[in-house]
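So you can see what is in the structure, the chains are spelled out below.
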Amino acid sequence: MPDASTSRPPLPYGWAEAFAALPAETPPAGGWERVAHALPVRRRRWPAMVALAAALALVAVVPLRRAVQDAAPSAPLVHAPATTAEPTRAPTVQPASAEPVQPVQFAEGARSGSSPADVATRDTEVIASVGADSATAPAPEPANAPAASAAEASTQSSTGTTNASQLATSPASRDQTVEPAATPELDRLYAESAQLESLLALARDGGGVANGAVAMLSDDLATRVAQIDAALTQPSIGSERRLALWRERVDALRQAAAFESTQRLLAARGQQYDAMLVSID
Amino acid sequence: MAATSSFAIDVPETLLARARAGDRAAFEQLYRWFERPVFTLALRICGDREEAADVLQETMLKVLARIGDFRGRDGSPFWGWLRQVAVNEALMRLRRDRRNSHEVPEDGEFGDDLTPPPAAAADAAALQRALAALPAATRSVLWLYHAEGYTHEEIAALMQRTASFSKSQLARGTRRLRTLLEVEVPAHA
């Protein structure tokens, strides 16, 4: 019987080439979807990411807004700060309607004593409590507390971040010597301060463990704000000095917000803030 | 002369860095690049498409989960590491499944078959059928040696056998493969 295979010459190459010439097999469809589904899910913290985005947006937008306002000082001021600052006003406190609102988180560090109303509204992280020297701050005056109590209740239910009773007891509100010309800018600073503090509270929510360098930087910023708050409690403070202090306060808060935002961004990328310690002789 | 492995794909370091950082898009790109080489290797070793699909999935999961550990020491490429994981996974399943762990009986004949393959080996379908007819362990040795370029010592280590086993399986398997192909030719002539 003739063998057909012997009638054909063998291949001019070896088994390796013959195997390599075989077409690659195609796996069943949907393989990647199954693998992707089975991959360990990286922990996503959407609230933190949203807070980060909001903080970044604010840090970028607020200076622009300030620049626009500075560029048009003669324009009529519309007494309408940002929405987050609105609940900080107590409508029943007549003299304070144009007066500053002391945001609760940072103002805590400037106060040595707390009224029951103050304690009730503490539901967010208090930055200044770390570095504030409470022994030097005066006790709040309860004189206006009844007048503010009604507004306090509504404020607590709306945001939970601002204490309306502080409207009457905060250092800024006690100062009745603020000149009318400075009031619009103070209003803007109060509103911006409240916004930044709200964002900081969000960004720091569930912050977890920080390394030493991060904790030190964060603490420094908090201490700076606390010192400003302490200075604002001084009864003899003038309007110019008050305005300057509030500007410093907002600036410090901006830095804190930017720092926290950077922290969140690095954490979302699986990185961390590494401050290098150097020795300079 | 061993042909270039189908795994031999140079992966950019930037893509690896993204994958190490947990970038899903980078994961998918790596998967798309290597799914066919891994599946082909697994199918050659296991001989079953369903099992090969499982090997592909497990291999990719292991690689993507441990990609942070890959450092490419001594210039070893990423694809070499991935192939090693795939081979281990496929051979582990082969050992687990005793039905497919048969091999051509050793006869102590280690002589290399230097004769060129028969003409029928150029027919991809015929060669695939002939390979599929071999015992799984024998087919694995042939594939690892000829297609992937492993040495007998490496194959012995991978299969947890001896180098003699690898040589014997290669010699016997090649002869069997040649026979299968030569018999098949008249059917297609």
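Residues numbered from 1 in each chain as written. Chains lettered and ligands numbered in written order. Predicted model: local features only at pLDDT ≥ 70, side-chain atom pairs only at ≥ 80, totals over all residues.

J.: Looking at this structure, how should I read the overall build of chain A?
T.: Helix and strand content of chain A: 13 helices and zero strands. Per-residue burial for chain A yields a buried fraction of 37% across its 281 residues. In chain A, the share of contacts with a sequence separation of at least 24, taken over all contacts with a separation of at least 6, comes to 80%. (Helix = DSSP H or I, 4+ residues; strand = E, 2+ residues; numbered from the N terminus. Buried ≥ 20, exposed ≤ 12 C-beta atoms within 10 Å, placed from the backbone. Contact = placed C-beta atoms within 7 Å.)

J.: What is the right way to read the overall build of chain B from this model?
T.: Scanning chain B for helices and strands turns up eight helices and zero strands. Counting the 189 residues in chain B, one finds 43% classified as buried. Sequence-distant contacts, at least 24 apart, represent 75% of the contacts inside chain B between residues at least 6 apart.

J.: Could you clarify how one ought to interpret the nonpolar core in this entry?
T.: Generally speaking, nonpolar side chains in soluble globular proteins are found buried as a group. Ranked by internal contacts, the top residues of the largest apolar core, which has 54 residues, are Ala42, Ile45, Cys46, Ala52, Leu56, Ala86 and Ala90 of chain B. Breaking this core down by element, the ones donating at least two residues are helix 2 (15–20) of chain A together with helix 2 (24–46), helix 3 (49–65), helix 4 (78–96), helix 5 (124–133), helix 6 (136–147), helix 7 (152–159) and helix 8 (163–188) of chain B. Considering each element in turn, this core owes the most residues, eleven residues, to helix 2 of chain B. Two domains each donate at least three residues to this core, and these are domain 1 (13–99) and domain 2 (110–188) of chain B. Not counting residues within four places of it along the chain, the set of residues in contact with Ala52 of chain B comprises Phe39, Ala42, Leu43 and Cys46 of chain B. Core analysis: the second largest hydrophobic core is formed by 23 residues, Leu186, Leu189, Trp246 and Ala256 of chain A among them. (Core = buried A, V, L, I, M, F, W, Y, C linked by C-beta atoms within 7 Å. Domains from an automatic or database assignment.)

J.: Mind showing me how you'd approach the environment of Tyr145 of chain B here?
T.: The residue Tyr145 of chain B is located in helix 6 in this model. Sequence spacing of Tyr145 of chain B and Leu170 of chain B is 25 residues, and the spatial spacing of their C-alpha atoms is 8.0 Å.

J.: Mind showing me how you'd approach helix 6 of chain B here?
T.: Counting along an α-helix, one turn takes 3.6 residues, and residues three or four places apart therefore face a common direction. Residues and elements named next belong to chain B. Compared with an ideal rise of 1.5 Å per residue, which puts twelve residues at 16 Å, helix 6 spans 15 Å between its outermost C-alpha atoms and is within 8% of the ideal. Extensive coverage of helix 6 is indicated by the burial of twelve of its twelve residues. Of all the positions in helix 6, only Ala136, Ala137, Thr138, Arg139, Ser140, Val141, Leu142, Trp143, Leu144, Tyr145, His146 and Ala147 are classed as buried. Trailing helix 6 by a residue or two, Gly149 shows a phi angle of about 80 degrees, which is positive. (Expected span 1.5 Å × (residues − 1).)

J.: It is not clear to me how the packing of helix 2 of chain B against helix 3 of chain B should be interpreted in this structure. Could you clarify?
T.: The packing of two helices is summarised by the inter-axis angle and the distance between the axes. All names here are of chain B. One can describe the packing of helix 2 onto helix 3 by two numbers: an axis separation of 8 Å at closest approach and a directional angle of 140 degrees. By the criterion of interaxial angle, the relationship of helix 2 to helix 3 is oblique. You can see that helix 2 and helix 3 cross each other, and the crossing is right-handed. Residue-level inspection shows Phe27, Tyr31, Glu35, Val38, Phe39, Ala42, Leu43 and Cys46 of helix 2 in contact with helix 3, the latter providing Arg49, Glu51, Ala52, Ala53, Val55, Leu56, Thr59, Met60 and Leu64. Split into classes, the residues belonging to the contact of helix 2 with helix 3 amount to 13 nonpolar, one polar and three charged. (Axes fitted to C-alpha atoms, helices over the stretch in contact; angles between N-to-C directions. Parallel < 35°, antiparallel > 145°, perpendicular 65-115°, else oblique. Left-handed = near helix turned anticlockwise from the far one by under 90°. Nonpolar A, V, L, I, M, F, W, Y, C, P; charged D, E, K, R; others polar.)

J.: Looking at this structure, I do not really get unusual backbone geometry. What am I missing?
T.: Of all residues except glycine, most have a negative phi; of all peptide bonds, most are trans. Residue and element names in this part refer to chain B. Even without being a glycine, Gln160 presents a positive backbone phi close to 55 degrees. Relative to the helices and strands, Gln160 is located in the loop between helix 7 and helix 8. Overall, Gln160 belongs to the exposed group, with 10 C-beta atoms counted inside 10 Å.

J.: Please clarify how the environment of Val11 of chain B should be interpreted in this entry.
T.: Mapped onto the elements, Val11 of chain B comes out in the segment before helix 1 (13–20). Between the alpha carbons of Val11 of chain B and Pro77 of chain B there is a distance of 8.1 Å; along the sequence they are 66 residues apart.

J.: Just to check I follow, could you spell out the confidence of the model for chain A for this structure?
T.: Interpretation of the predicted coordinates at a detailed level should be avoided for regions scoring low in pLDDT. Residues and elements named next belong to chain A. This prediction gives chain A a mean pLDDT of 60; 33% of its residues lie at or above 70. Low pLDDT (under 50) marks residues 1–6, which in the prediction has seven contacts with non-local residues, meaning those over four places away or in another chain. Below pLDDT 50 for its whole length, residues 74–178 participates in 193 contacts with residues either more than four positions away or in separate chains. (pLDDT = per-residue confidence, 0-100.)

J.: For this particular structure, what's the right way to read the packing of helix 3 of chain B against helix 4 of chain B?
T.: All names here are of chain B. Between helix 3 and helix 4, whose axes approach to 9 Å, the crossing angle comes to 135 degrees. Comparing their axes, helix 4 and helix 3 come out oblique. You can see that helix 3 and helix 4 cross each other, and the crossing is right-handed. Counting all contacts with helix 3, which are made through Glu51, Val55, Glu58, Thr59, Lys62 and Val63, the residues of helix 4 involved are Leu82, Val85, Ala86, Glu89, Ala90 and Arg93. Split into classes, the residues belonging to the contact of helix 3 with helix 4 amount to six nonpolar, one polar and five charged.

J.: Whenever I open this one, helix 5 of chain B confuses me. Can you help?
T.: Here helix 5 of chain B has its buried residues at Leu127, Ala130 and Leu131 of chain B. When helix 5 of chain B is viewed along its axis, its buried side chains cluster within an angular range of 100 degrees and face the same direction. (Arc of directions from axis to C-beta.)

J.: Looking at this model, I keep getting lost on the environment of Arg20 of chain B. Mind explaining?
T.: All names here are of chain B. Residue position: Arg20 is located in helix 1. Separated by 49 residues in the primary sequence, Arg20 and Asp69 place their C-alpha atoms 8.7 Å from one another. In this structure, Arg20 is in contact with Ile67 and Gly68, ignoring residues within four places of it in sequence.

J.: What am I meant to see in the confidence of the model for chain B here?
T.: Of the residues in chain B, 86% have a pLDDT of 70 or more, and the chain-wide mean is 87. Reported confidences for the modelled complex are a pTM of 0.48 and an ipTM of 0.85.

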